[in-house]
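The residues making up each chain are set out below.
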Amino acid sequence: MDKTVRGTSGTKPVQTSPTPRRPLPDGMEEYMVHRVMQRVDVLLDQRLREAIALVIQEQTRSVLPRLREEIESVVRHAVYEAVADELASGNPTECGG
């Protein structure tokens, strides 16, 4: 009787069989483990990148309004300060024209 094992995160079901398998040729098990680990590494890298990108995107969206307010405030104060310094210097500039 075959069993169906469900993976997590929406992965496809895996069929397992209780029938014993024939022994693998010498070196084949190590080769298979190596190949499986390579595939796992690639899949983990891809899925972790996607998960991290999603979290960063969500955090950026939540921070964006506050960041805009801060940038607006900094620019406004810098312009006010520059205008005040220019007016306080008493050096009228000539307009070319």
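1. Quick notes on the overall build of the protein
Now for step 1: Scanning the protein from N- to C-terminus turns up one helix and two strands.
Now for step 2: Secondary structure elements of the protein occur, N-terminal to C-terminal, as β-β-α.
Now for step 3: Per-residue burial over the protein gives 0% buried out of 97 residues.
Now for step 4: With an accessible surface of roughly 9,700 Å², the protein has 59% of that area assigned to carbon and sulfur atoms.

2. Quick notes on the pattern of salt bridges
Now for step 1: Tallied over the entire structure, the rule returns four salt bridges.
Now for step 2: A salt bridge links R49 to D45; its shortest N-O distance comes to 3.1 Å. Taken as a pair, R49 and D45 lie in helix α1 (residues 28-89) at a separation of four residues, close to a single helical turn.
Now for step 3: Relative accessible area serves as the criterion here: at 58%, R49 is assigned to the exposed category.
Now for step 4: Residue class for D45 comes out partly exposed when judged on its relative accessible area of 39%.
Now for step 5: Connected through shared salt-bridge partners, R66, E69 and E70 make up one network.

3. Concerning α1
Because an α-helix packs 3.6 residues into every turn, residues spaced three or four apart end up facing the same way.
Now for step 1: When the local axis directions of α1 are compared, the greatest deviation, roughly 40°, occurs at L64, which is followed within four positions by the proline P65.
Now for step 2: Of the residues flanking the end of α1, it is G90, one or two places downstream, whose phi is positive at about 70°.

4. A few points about the confidence of the model for the protein
Interpretation of this model should avoid reading the predicted coordinates in detail wherever pLDDT is low.
Now for step 1: Confidence in the prediction for the protein averages 83 pLDDT; 75% of positions are at 70 or higher.
Now for step 2: Ranking the elements of the protein by mean pLDDT puts strand β1 (residues 3-5) last with 51 and α1 first with 95.

The rules behind these values
- Residues numbered from 1 in each chain as written.
- Predicted model: local features only at pLDDT ≥ 70, side-chain atom pairs only at ≥ 80, totals over all residues.
- Heavy atoms only, no water.
- Helix = DSSP H or I, 4+ residues; strand = E, 2+ residues; numbered from the N terminus.
- Buried < 20%, exposed > 50% of the residue type's maximum accessible area, 1.4 Å probe, protein only.
- Areas by Shrake-Rupley, 256 points an atom, 1.4 Å probe, with all protein chains shown as cover.
- Salt bridge = Lys/Arg side-chain N within 4 Å of Asp/Glu carboxyl O.
- Bend = angle between axes of the 7 residues up to and from the residue.
- pLDDT = per-residue confidence, 0-100.

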